[in-house]
Amino acid sequence: MIAMSDKENGDLEERAIDILRQYKDGVLQSELWKTLGISSREGSRLVLRLIRRGVVRREEVTVNGRRTYKLYAVKAGAPTFSIKVDVSSILDIPCAACPRLSECGAGGYYDPSTCPLLEAWLKKEIAKLRVQRVQTAS
Ligand code: SF4
């Protein structure tokens, strides 16, 4: 097998994007590969590169009982979001290691609203927040 050069890969990517831009309802990946004249292996790599670049997105669909992907061009200039979430405050929540997690729910035998472990954890977190608030106020 002969590997494609960076320029060939780049050309292929641009052709794929051009095709996808013509179909706002998306294109099945197999159709795109057929149109580009490439194998499914090359096509999979191509799609992953395009997704990594943020210029293509894909949705899983079922066609004739088989799962595949439909590909869509992402509009240039479409807003992208980056949200930083600090999860450090919930890393030690008792539910994370609770053996009853799958059985726990509102109205059940194990219920977060009556759980002593969760209540104790919440009280500890509230106490921490109060200390932080006092420290930042002074
Ligand atoms: S609320 Fe209590 S019982 Fe339910 S998952 Fe959390 S720690 Fe476990």
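None of these values were measured; they are calculated from a predicted model. (Residues numbered from 1 in each chain as written. Predicted model: local features only at pLDDT ≥ 70, side-chain atom pairs only at ≥ 80, totals over all residues.)

**A short note on the packing of helix α1 (residues 6–21) against helix α3 (residues 40–53)**
Here α1 crosses α3 at 75°, and the two axes come no closer than 10 Å. Judged by the angle between their axes, α1 and α3 are roughly perpendicular. Residue-level contacts link Leu12, Glu13, Ala16 and Ile17 of α1 to Leu46, Arg49 and Leu50 of α3. (Axes fitted to C-alpha atoms, helices over the stretch in contact; angles between N-to-C directions. Helix = DSSP H or I, 4+ residues; strand = E, 2+ residues; numbered from the N terminus. Parallel < 35°, antiparallel > 145°, perpendicular 65-115°, else oblique. Contact = placed C-beta atoms within 7 Å.)

**A look at the site of the ligand**
Lining the immediate surroundings of the ligand are Pro94, Cys95, Cys98, Arg100, Leu101, Cys104, Tyr110, Pro112, Cys115, Leu117 and Leu118. For the shell around the ligand, the class distribution of residues is 10 nonpolar, no polar and 1 charged. (Near = placed C-beta within 6 Å. Nonpolar A, V, L, I, M, F, W, Y, C, P; charged D, E, K, R; others polar.)

**A short note on the domain arrangement of the protein**
Domains assigned within the protein are domain 1 (6–73) and domain 2 (88–137). One C-alpha centre belongs to domain 1, the other to domain 2, and the line joining them spans 45 Å. (Domains from an automatic or database assignment.)

**Some details on the nonpolar core**
Judged by nonpolar contacts, Leu12, Ala16, Leu20, Leu32, Trp33, Leu46, Leu50, Val56, Tyr69, Leu71 and Ala73 together constitute the single largest core of 11 residues. Discounting chain neighbours no more than four positions away, the residues touching Trp33 are Ile38, Ser40 and Gly43. (Core = buried A, V, L, I, M, F, W, Y, C linked by C-beta atoms within 7 Å. Buried ≥ 20, exposed ≤ 12 C-beta atoms within 10 Å, placed from the backbone.)

**Some details on helix α2 (residues 29–36)**
Regarding α2, the residues found buried are Gln29, Leu32 and Trp33. In an axial view of α2, the angular spread of the buried residues amounts to 95°, which keeps them on one side of the axis. Looking at α2, the residues exposed on the side facing more than 90 degrees away from the buried face are Lys34 and Thr35. Buried positions along α2 lie against α1, β1 (27–28), α3 and β3 (66–73). Remark: Gly37 follows α2 within two positions and exhibits a positive phi of approximately 75°. (Arc of directions from axis to C-beta.)

**A short note on the environment of Glu60**
As for its placement among the helices and strands, Glu60 is situated in strand β2 (residues 56–63). Since 8 C-beta atoms lie within 10 Å of it, Glu60 is described here as exposed. Separated by 31 residues in sequence, Glu60 and Leu91 have C-alpha atoms that sit 32 Å apart. When sequence neighbours within four positions are dropped, the list of residues in contact with Glu60 reads Arg67 and Tyr69.

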